Amino acid sequence: MGDIVKVMRMDFITSAGSVTANGKGELILGIPLLLLFLAMPLFLSPLLSFYLIFAAMVLVIPLQNTAKGDLGHLYGILPVKRGNITRARFAYIFLIYLVSELVSFLIAWISILLNLNRLLPDDSALVEIGREYYDSAKLPEIGVVFVGFTMFFCFMFSFMEMMGQIHGRENEMKILFIFLAGIVVVVLGFTWLASIGIIPYMDFSGMSEPEAFPTFVIIHLVVGALCVLFSEITAAKMAAREL
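Bear in mind that the values here come from a model prediction, so they are computed numbers and not experimental data.

Draft legend 1. Here's a closer look at the confidence of the model for the protein chain. On average, residues of the protein chain score 78 in pLDDT, and 76% of them reach the 70 mark or higher. Ranking the elements of the protein chain by mean pLDDT puts helix α4 (residues 70–76) last with 52 and helix α5 (residues 82–114) first with 89.

Draft legend 2. Representation of the environment of Val60 within the structure. Mapped onto the secondary structure, Val60 falls in the loop between α3 (51–55) and α4. Here Val60 falls in the buried class, since its relative accessible area comes to 1%. In this structure the C-alpha to C-alpha distance between Val60 and Ile93, which are 33 residues apart in sequence, comes to 6.6 Å. Beyond its immediate chain neighbours, meaning those up to four positions away, Val60 contacts Ile93, Ile96, Tyr97 and Phe157.

Draft legend 3. Focus on a nonpolar patch on the surface. A contiguous nonpolar patch, built from Leu106, Trp109, Ile110, Leu113 and Leu114 and spanning about 480 Å² of accessible area, is present on the exposed surface. Here Leu113 is to be found in helix α5.

Draft legend 4. Broad picture of the pattern of salt bridges. Per the counting criterion, the structure on display carries four salt bridges. A salt bridge links Glu161 to Arg89; the shortest N-O distance between them is 3.2 Å. Highlighted residues: Glu161 in helix α7 (residues 139–167) and Arg89 in helix α5, separated in sequence by 72 residues. Neither residue differs from the other here; Glu161 and Arg89 are each classed as buried. Connected via shared salt-bridge partners are Asp11, Arg89 and Glu161.

Conventions and cut-offs
Residues numbered from 1 in each chain as written. Predicted model: local features only at pLDDT ≥ 70, side-chain atom pairs only at ≥ 80, totals over all residues. Heavy atoms only, no water. pLDDT = per-residue confidence, 0-100. Helix = DSSP H or I, 4+ residues; strand = E, 2+ residues; numbered from the N terminus. Buried < 20%, exposed > 50% of the residue type's maximum accessible area, 1.4 Å probe, protein only. Contact = heavy atoms within 4.5 Å. Patch = residues over 30% accessible without salt bridge, like charges linked within 9 Å, V, L, I, M, F, W, Y side chains within 5 Å. Areas by Shrake-Rupley, 256 points an atom, 1.4 Å probe, with all protein chains shown as cover. Salt bridge = Lys/Arg side-chain N within 4 Å of Asp/Glu carboxyl O.

Below is the structure:
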């Protein structure tokens, strides 16, 4: 476990370093953008704090290139079992998205408590659209959006990591296309089965807090289990390749 934590820390340093590698110009530009993104959920809608879930990509995508350059060789000489390096990568992806989701929830909750939307004029359609979400009863509905996006991206990047390590990073675009095509087929299949009454429609719009919490926990456990499965498949394939 200690080896996995160390490699996860290195993954974070690697990805964070790539974000700030271009100098202070991007950092200076990023500060007002960060303030703007923080203000949007406070004044317009708590839902807008889900931008953090998209922002988490910048701490995951750079790792897709580590195997192609010098950093890939650095990972290879670490005094850590090769399987633990692989497991750490999947654990890192899951943790990054889990943290981004929790922080999004926190910002949304603070936004509802402060309700700064009430300070804005009522004659704006944009203000009116977001106003209904400044209600604690809307947190389960907001949670559906956050959990849905978080777990989708977590699953996508974990699957891409598995396929990239096994089949090569040069095939990433092909793998992404196959993944997205598979998602479309699954969604269309579920929609068709629901339309003919074989399975019920999944409607989360009226979900209450007692219903939301166990549902969200189950979704996280399922995606977490898939990440573990992907990591073990990848570790086994890489170990066999080294023999």
